[in-house]
Amino acid sequence: MTTRVTTSKKRPRARRSYRVTKYAIIPIKSGRNGAYIPSKPIKTLRPILDSEIA
Amino acid sequence: MPSPESTFFVDTSFHISYCFERERHEEARSLIRAIRNRFSNPTFVTTNLIFTETLNLIQTRDWIAKQLRWSTARQVGKDIITYNVIGIITAEMFRLAWELFERQEQKHRSWSFVDCTSFVYIREIRKKQYGQDRLTIKNALAFDSDFDEAGREFGFQVFRE
């Protein structure tokens, strides 16, 4: 009987942009000088246009 | 803990308006501009139920092509997770929201259940029992009249320019 051994390549885990606490999921502060300022609730610089999604 | 004045609760109606041209996008954008002018480090808070409701709404909109609904929902969801504190509706908050929802008839109003969870969350998350996740939220970003009605009772106001 032969045992087939497969070597799996571990995919690097994507860096999460949030951390999880008991009562919340919180954005990780990062960016320049470690001072990430979430100055808007959505980063989208422009709205999603009808023509893009129709 | 962020200052109460610069902590903004974000409702589904606002997330949708801020994302889509066809909704009240200009109004939403102008409110964010006003916040950025006034506060250097605002905090935006939403809940796991609002997150769910927003993505569900996107995935069921007729005006978004069927094959693009999932990717659009993913894009918006990723933004919300990256830029907002997502508060978790606890079992106790859920219970209180259900009681509030059930009392709607005698108060002659018809707030949605998700709105009820949001109002309860804003009131409850101030309490000491939530430790480091405690927040005092004084402002809400919403285009939903339920928020105008509930503000006084739950200790917040809908942010206007």
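None of these values were measured; they are calculated from a predicted model. (Residues numbered from 1 in each chain as written. Chains lettered and ligands numbered in written order. Predicted model: local features only at pLDDT ≥ 70, side-chain atom pairs only at ≥ 80, totals over all residues.)

Go over the environment of N37 of chain B with me, naming the residues and quoting the values.
With respect to the helices and strands, N37 of chain B occurs in helix α2 (residues 25-38). It is 30 Å that separates the C-alpha atoms of N37 of chain B and K127 of chain B, two residues lying 90 residues apart in sequence. (Helix = DSSP H or I, 4+ residues; strand = E, 2+ residues; numbered from the N terminus.)

Describe the sheet that holds strand β4 (residues 139-141) of chain B, naming the residues involved and giving the relevant values.
To summarise the sheet geometry, strands pair through backbone hydrogen bonds and adopt either a parallel or an antiparallel arrangement. Judged by pairing direction, the sheet is mixed, and its 7 strands sit side by side in the order β1(A)-β2(A)-β3(B)-β2(B)-β1(B)-β4(B)-β5(B) without closing on themselves. One side of each edge strand has no neighbouring strand; the edge strands of this open sheet are β1 (18-20) of chain A together with β5 (157-158) of chain B. Where β4 of chain B meets β5 of chain B, 2 bridges bridge the pair, whose relative direction is parallel. Note on β5 of chain B: the bridge partner recorded for A140 of chain B is V158 of chain B. (Pairing = 2+ DSSP bridges.)

Can you tell me about the interface of chain B and chain A, naming the residues and giving the values?
With 32 residues of chain B at the interface, the matching set in chain A holds 23 residues. If you list the elements that add at least two residues to the side of chain B that touches chain A, you get α1 (12-19), α2, α4 (66-83) and β3 (85-87) of chain B. Considering every element that reaches the side of chain B that touches chain A, the biggest residue donor is α4 of chain B, with 7 residues. A breakdown of the residues in the side of chain B that touches chain A according to their chemical character gives 18 nonpolar, 9 polar and 5 charged. Relative to β3 of chain B, strand β2 (residues 24-27) of chain A runs antiparallel, the two sharing 2 bridges. From the neighbouring strand, A24 of chain A faces β3 of chain B, where its bridge partner is G87 of chain B. (Contact = placed C-beta atoms within 7 Å. Nonpolar A, V, L, I, M, F, W, Y, C, P; charged D, E, K, R; others polar.)

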